[in-house]
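Observations on the model geometry
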Amino acid sequence: MRNNSLYITFFLGFIICLTLFILNLSIGSVEIPFHDILARLSGKPLLKTSWETIIMEFRLPKAITAILAGINLSISGLQMQTFFRNPLAGPYVLGISSGAGLGVAIMLMASSAFGWGIYFGELGVWSIIISAILGAILVLLLISLTAWRVRDSMTLLIVGLMFGSAVSAIIAVLSYFSGAEQLKLFTVWSMGSLGGTSYPQLWGFLAASILGIFPVILMQKSYNAMLLGEAYAESMGINIKRLRWGMILSTGILAGGTTAICGPIAFIGIAVPHMARLVFKTGDHRILLPGSAIAGAIVLLFCDAVSQLPGSAQTLPINAVTSLIGAPMVIWLILRRNFSREF
């Protein structure tokens, strides 16, 4: 893609993202006109006090959460596909989100299952985030160790699914012994939601996102070499061990932090990087990383707008909408992969 076309594509992506952001502030059980939203964002007061509360306390944090979650999951997925050189890799498929879920399950349900005393105030929120990140990193480390022994891509995906199944079994045991209140909290969390984020949590989520993206910015030039294999990357003077650890920590922070705040969100990590490849028509990570980030924000904002069921007070779980969009993309990738091998 030529530079002029590239700039136009990024500009259009930014416009679409901004439009969806304003749309998310507008729609819901109470519809607020577009021009009033634009006036409020420019600093003018709204006509109704209730609109001010709805936008600033509920819809604005939710829209920002959707943008951060879309960016984090998309970059995590792109890193995993590069790390394992597998187009079907992603935080959800490889069980990394399940590892984050295990960390949350331990914090939410272990108190009643084993009699541990866990504080569920503001400190408890941060302990859940940290536990989710540690759980994601743990599963990613186990999968990475397996990847060094298993070179076949599909076998690695099966191993990731097995890790996810094992984690689900542990969560089922915790659920069996936990109290009704803790079990309800975990069940609601596992459905996935972009709402209910307070501003202190949002600032923490932003800090974790920046911390996770920072290694990506430093290592983006090395990712292109990784696609050609570790031996080639080493011949180019790249420190493979440092690059591998950077990817693991970055993905663990991005995927784990997002899962802790929003719950497990399926298919964004695996589908959006391929959407970015189709749009930008390149494998250069210097373009794909920002391209995947803006595509992830657009897709999750769109999914959130659809989940609002405009004109209704009901809201769909965000996972239901992302699965409807992401599952066909994954099926198409598998069929395309098999056809390319056959022909």
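Above this note sits the structure.
Scoring rules and cut-offs
- Residues numbered from 1 in each chain as written.
- Predicted model: local features only at pLDDT ≥ 70, side-chain atom pairs only at ≥ 80, totals over all residues.
- Heavy atoms only, no water.
- Helix = DSSP H or I, 4+ residues; strand = E, 2+ residues; numbered from the N terminus.
- Buried < 20%, exposed > 50% of the residue type's maximum accessible area, 1.4 Å probe, protein only.
- Contact = heavy atoms within 4.5 Å.
- Areas by Shrake-Rupley, 256 points an atom, 1.4 Å probe, with all protein chains shown as cover.
- Axes fitted to C-alpha atoms, helices over the stretch in contact; angles between N-to-C directions.
- Parallel < 35°, antiparallel > 145°, perpendicular 65-115°, else oblique.
- Left-handed = near helix turned anticlockwise from the far one by under 90°.
- Nonpolar A, V, L, I, M, F, W, Y, C, P; charged D, E, K, R; others polar.
- Expected span 1.5 Å × (residues − 1).
- Phe/Tyr/Trp six-rings, centres within 6.5 Å; stacked < 30°, edge-to-face > 60°.
- Salt bridge = Lys/Arg side-chain N within 4 Å of Asp/Glu carboxyl O.
- Patch = residues over 30% accessible without salt bridge, like charges linked within 9 Å, V, L, I, M, F, W, Y side chains within 5 Å.

**Notes on the overall build of the chain**
When helices and strands are tallied, the chain shows 13 helices and zero strands. N-terminal to C-terminal, the α/β element order of the chain is α-α-α-α-α-α-α-α-α-α-α-α-α. In the chain, which comprises 343 residues, the proportion classed as buried is 51%. Long-range pairs, those at least 24 residues apart, make up 77% of the contacts in the chain with a sequence separation of at least 6. Element-wise, carbon and sulfur atoms account for 69% of the exposed surface of the chain, whose accessible area totals about 16500 Å².

**Section: the packing of helix 1 (residues 3-26) against helix 12 (residues 285-307)**
Following both chains from N to C, one finds helix 1 and helix 12 inclined at 25 degrees, their axes separated by 9 Å at the closest point. Considering their axes alone, helix 1 and helix 12 lie roughly parallel with respect to each other. Between helix 1 and helix 12 lies a crossing of left-handed hand. Contact residues: Leu6, Phe10, Gly13, Phe14, Ile16, Cys17, Leu20, Phe21, Leu23 and Asn24 in helix 1; Ile287, Pro290, Gly291, Ile294, Ala297, Ile298, Leu301, Phe302, Asp304 and Ala305 in helix 12. For the contact of helix 1 with helix 12, a count of residues per class yields 16 nonpolar, three polar and one charged.

**Side note on the environment of Gly103**
Following the sequence through the fold, Gly103 ends up in helix 4 (residues 96-114). When its relative accessible area of 8% is taken as the criterion, Gly103 is described as buried. Ignoring any residue separated from it by four or fewer positions in sequence, one finds Gly103 in contact with Ser131 and Ala132.

**A word on unusual backbone geometry**
Phi is positive for Phe267, close to 75 degrees, though the residue is something other than glycine. On the secondary structure map, Phe267 appears in the loop between helix 10 (240-262) and helix 11 (268-280). The backbone of Lys281 shows a phi angle near 55 degrees, a positive value even though the residue is not glycine. Residue placement: Lys281 occurs in the loop between helix 11 and helix 12.

**What about helix 12?**
Along its 23 residues, helix 12 runs 31 Å from first to last C-alpha, staying within 8% of the 33 Å computed at 1.5 Å per residue. With 18 of 23 residues buried, helix 12 lies mostly within the body of the structure. After helix 12 finishes, the residue Leu309 shows a positive phi value of roughly 50 degrees.

**Digging into the side chain of Gln308**
One can find Gln308 in the loop between helix 12 and helix 13 (318-342). Residue classification places Gln308 among the buried residues on the basis of a relative accessible area of 10%. Among residues more than four places away in sequence, those in contact with Gln308 are Ile27, Gly28, Lys62, Gln314 and Thr315.

**Let's talk about the packing of helix 3 (residues 49-83) against helix 11**
Closest axis-to-axis distance for the helix 3/helix 11 pair is 7 Å, and the angle between their directions is 80 degrees. By the angle class used here, helix 3 and helix 11 are roughly perpendicular. Here Gly70, Leu73, Ser74, Gly77, Leu78 and Gln81 of helix 3 come into contact with helix 11, specifically with Ile268, Gly269, Ile270, Val272, Pro273, His274 and Arg277. Per-class residue counts for the contact of helix 3 with helix 11 are six nonpolar, six polar and one charged.

**As for the packing of aromatic side chains**
Where two aromatic rings form a pair, the distance of their centres and the angle of their planes describe that pair. Counted according to the given criterion, the structure contains one aromatic pair. Pairing Phe10 with Phe280 gives two aromatic rings, centres 4.8 Å apart and planes at 40 degrees, and the pair type is tilted. Taken as a pair, Phe10 in helix 1 and Phe280 in helix 11 lie far apart in primary sequence, 270 residues in all. A residue is classified by how much of its surface remains accessible, and Phe10, at 22% relative accessible area, is partly exposed.

**Focus: the environment of Ile133**
Examined against the element boundaries, Ile133 turns out to sit in helix 5 (residues 122-149). As a C-alpha pair, Ile133 and Ser97 span 36 residues in sequence and 9.5 Å in three-dimensional space. Setting aside residues up to four positions removed in sequence, Ile133 forms contacts with Gly252, Ile253, Gly256 and Gly257.

**Thoughts on the pattern of salt bridges**
Applying the stated criterion across every chain, the model contains three salt bridges. Ionic pairing is found between Arg286 and Asp284, a salt bridge with its closest N-O pair at 3.0 Å. Arg286 gets classed as partly exposed once you look at its relative accessible area, which sits at 48%. Taking relative accessible area as the criterion, Asp284 reaches 18% and is therefore assigned buried.

**Quick word on helix 11**
Compared with an ideal rise of 1.5 Å per residue, which puts 13 residues at 18 Å, helix 11 spans 18 Å between its outermost C-alpha atoms and is within 8% of the ideal. For helix 11, the full list of buried residues reads Ile268, Gly269, Ile270, Ala271, Val272, Pro273, His274, Ala276 and Phe280. Among the residues trailing helix 11, Lys281 stands out with phi positive, at a value near 55 degrees.

**Let's talk about a nonpolar patch on the surface**
A cluster of nonpolar side chains, Ile8, Phe11, Leu12, Phe14, Ile15, Ile16 and Leu18, forms an exposed patch at the surface whose accessible area comes to about 670 Å². Looking at the element boundaries, Leu18 is found in helix 1. Taking relative accessible area as the criterion, Leu18 reaches 38% and is therefore assigned partly exposed.

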